[in-house]
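Analysis of the macromolecular model
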Amino acid sequence: MSKAFNGKLVTVFGASGFIGRHLVQALAKRGYRVRAAMRRPDLAEYLLTMGLPGQVMPMQANLRYRWSVDRAVQGADAVVNCVGLLAPSGKQSFDAVQAFGPRAIAEAARSAGLSGITHVSAIGADPKSASDYARSKAQGEAAVMETLPDSIIMRPSIVFGPEDDFFNKFANMARFTPALPLIGGGETKFQPVYVCDVAEAIARAVDGELKSGETYELGGSEVMSFRDCMEIVLDVTRRKRLLLPIPFDVASLMGKVMQLLPNAPMTADQVTLLRSDNVVSQEKSDQGLTLAGIGVQPKTLAAILPTYLERYRERGQFDAHRLTAD
């Protein structure tokens, strides 16, 4: 149950997305009124149930249209940008959403009298990256900090949770295919972080508990290889599948073909991202700009994955062997 309203209004862009919806809930529990800004508020009525009546207010906004961004920010005490793309689609390009969009939000927040915003980026954001995704993320970060230097940047590693597009994807794939792919041999390192832990960190930034003008890197309690991730998917779903190593060059060619399909399972740009590890840097750990540094104990994959991947077992959540096997 939400606390009594604290009188403050937070605008969350991308409120209906994976991280956004969990952030809305975390903010509502703290007593904030939440203006949930998104392209299709008519498809996100479920957000209304995350707070008391009237506490969560959906609003239409599109980062490609500056006037809608200005309207969504007007009167807000804090602003969070959770908008991001895994793959471009139509007019929703990396440049439009992840480079131009953050600047529009930061400029609107500055005009509204705010000294900073909280911007969700990603570990691996790099203006020199060969990946369009990583470059646009870096451009978005730079735009925010140039406009509002007191902003806070959040860079999570791969995020897991009930609606994730990683573990769910491969668990579903294991239902129909005899093998799971190990892109680049499966050696890429990740530090999977639970979506509620990410939401908690962002909420603390809104509370004013974190350092302004800093970039935080958010990773979970374990560093795992791509192979490790596939093995835990198979373990949780109780399926036996081959793990098939696929060289990066071959995977890139496959991605170029697959990205032409609707809801592409893989793109060439995503393969490029997998050439680099996705873990918290030692520098940020030493500076305390991590989950542990702000006092958040990250949840483990082993504790969370079974709560939402069990539906991919042969008999789903009603697996006959569940009681004895667990």
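Refer to the structure above for everything that follows.
Residues numbered from 1 in each chain as written. Predicted model: local features only at pLDDT ≥ 70, side-chain atom pairs only at ≥ 80, totals over all residues. Heavy atoms only, no water.

**A short note on the overall build of the protein**
The secondary structure content of the protein amounts to twelve helices and 13 strands. Relative to a compact globule of 326 residues, whose C-alpha radius of gyration would be 20 Å, the protein shows 20 Å and is just as compact. For the protein, the C-alpha atoms occupy an extent of roughly 55 × 45 × 40 Å along the three principal directions. When the 326 residues of the protein are sorted by exposure, 52% land in the buried category. Counted over contacts in the protein with a minimum sequence separation of 6, partners at least 24 positions apart contribute 76%. Within the structure as shown, the protein displays about 15,100 Å² of accessible surface, and the carbon and sulfur contribution to it stands at 52%. Looking at the protein, you have 37 positive and 34 negative side-chain charges, and the mean spots of the two groups are 5 Å apart. (Helix = DSSP H or I, 4+ residues; strand = E, 2+ residues; numbered from the N terminus. Rg over C-alpha atoms; globule rule 2.2 N^0.38 Å. Buried < 20%, exposed > 50% of the residue type's maximum accessible area, 1.4 Å probe, protein only. Contact = heavy atoms within 4.5 Å. Areas by Shrake-Rupley, 256 points an atom, 1.4 Å probe, with all protein chains shown as cover. Lys, Arg positive; Asp, Glu negative; His and termini not counted. Charge placed at Lys NZ, Arg CZ, Asp CG, Glu CD.)

**Let's talk about helix α11 (residues 301–309)**
Those residues of α11 not exposed but buried are Leu301, Ile304, Leu305, Tyr308 and Leu309. Taken around the axis of α11, the buried residues stretch over an arc of 110°, which confines them to a single face. Exposed residues on α11 whose side chains face more than 90 degrees from its buried face are Ala302 and Thr307. Considering only its buried residues, α11 is in contact with β7 (159–160), α5 (167–173), β10 (193–194), β12 (224–225) and α7 (226–237). (Arc of directions from axis to C-beta.)

**What about the layout of surface pockets?**
The calculated volume of the second largest pocket comes to roughly 260 Å³. If you trace the second largest pocket, you find 16 residues lining it, with Gly116, Ile117, Thr118, Asp150 and Ala205 closest to the centre. Every element with two or more residues in the lining of the second largest pocket is listed here: β4 (78–81) and α6 (195–207). Residue classes in the lining of the second largest pocket are distributed as eight nonpolar, six polar and two charged. (1 Å grid on protein atoms, 1.4 Å probe; cavity = no way out; pocket = protein on both sides within 12 Å on 5 of 7 lines; lining within 4 Å. Points joined across faces, edges and corners; volume = space filled by probe spheres on them. Nonpolar A, V, L, I, M, F, W, Y, C, P; charged D, E, K, R; others polar.)

**Things to note about unusual backbone geometry**
With a phi angle near 55°, arginine 238 is a residue other than glycine that sits in the positive phi range. Mapped onto the elements, arginine 238 comes out in the loop between α7 and β13 (242–246).

**Here we look at the sheet that holds β4**
In spatial order, the strands read β3-β2-β1-β4-β5-β6-β11; together these seven strands make up an open sheet with parallel pairing. Lying at the two open borders of the sheet, with one neighbouring strand each, are β3 (56–60) and β11 (215–218). Between one strand and the next, the sheet's axes are offset by a mean angle of 20°, whatever the strand orientation. Two strands pair when backbone bridges link them, and strand β5 (residues 118–120) and strand β6 (residues 152–156) are joined in this way by three bridges, in the parallel orientation. In the sheet register, threonine 118 faces β6, and the bridge partner there is isoleucine 152. Of the strands in this sheet, β1 (9–13), β4, β5, β6 and β11 are in contact with α6, which crosses β6 at around 175°. (Pairing = 2+ DSSP bridges. Axes fitted to C-alpha atoms, helices over the stretch in contact; angles between N-to-C directions.)

**Re the packing of aromatic side chains**
All chains considered together, the criterion is met by nine aromatic pairs. With centroids separated by 5.9 Å and ring planes inclined at 75°, the aromatic side chains of phenylalanine 94 and tyrosine 133 adopt a geometry described as edge-to-face. Here the residue phenylalanine 94 occupies a position in helix α3 (residues 94–111), and tyrosine 133 occupies one in helix α4 (residues 132–147), the gap between them amounting to 39 residues. Across this residue pair, the class does not change: phenylalanine 94 and tyrosine 133 are buried. Relative to phenylalanine 170, the ring of phenylalanine 166 lies with its centre 5.3 Å away and its plane at 70°, an arrangement referred to as edge-to-face. Of the residues examined, phenylalanine 166 reaches a relative accessible area of 12% and is grouped as buried. Taken together, the ring pairs in this structure connect Phe160, Phe166, Phe167, Phe170, Phe190, Tyr194 and Phe226 into an aromatic cluster. (Phe/Tyr/Trp six-rings, centres within 6.5 Å; stacked < 30°, edge-to-face > 60°.)

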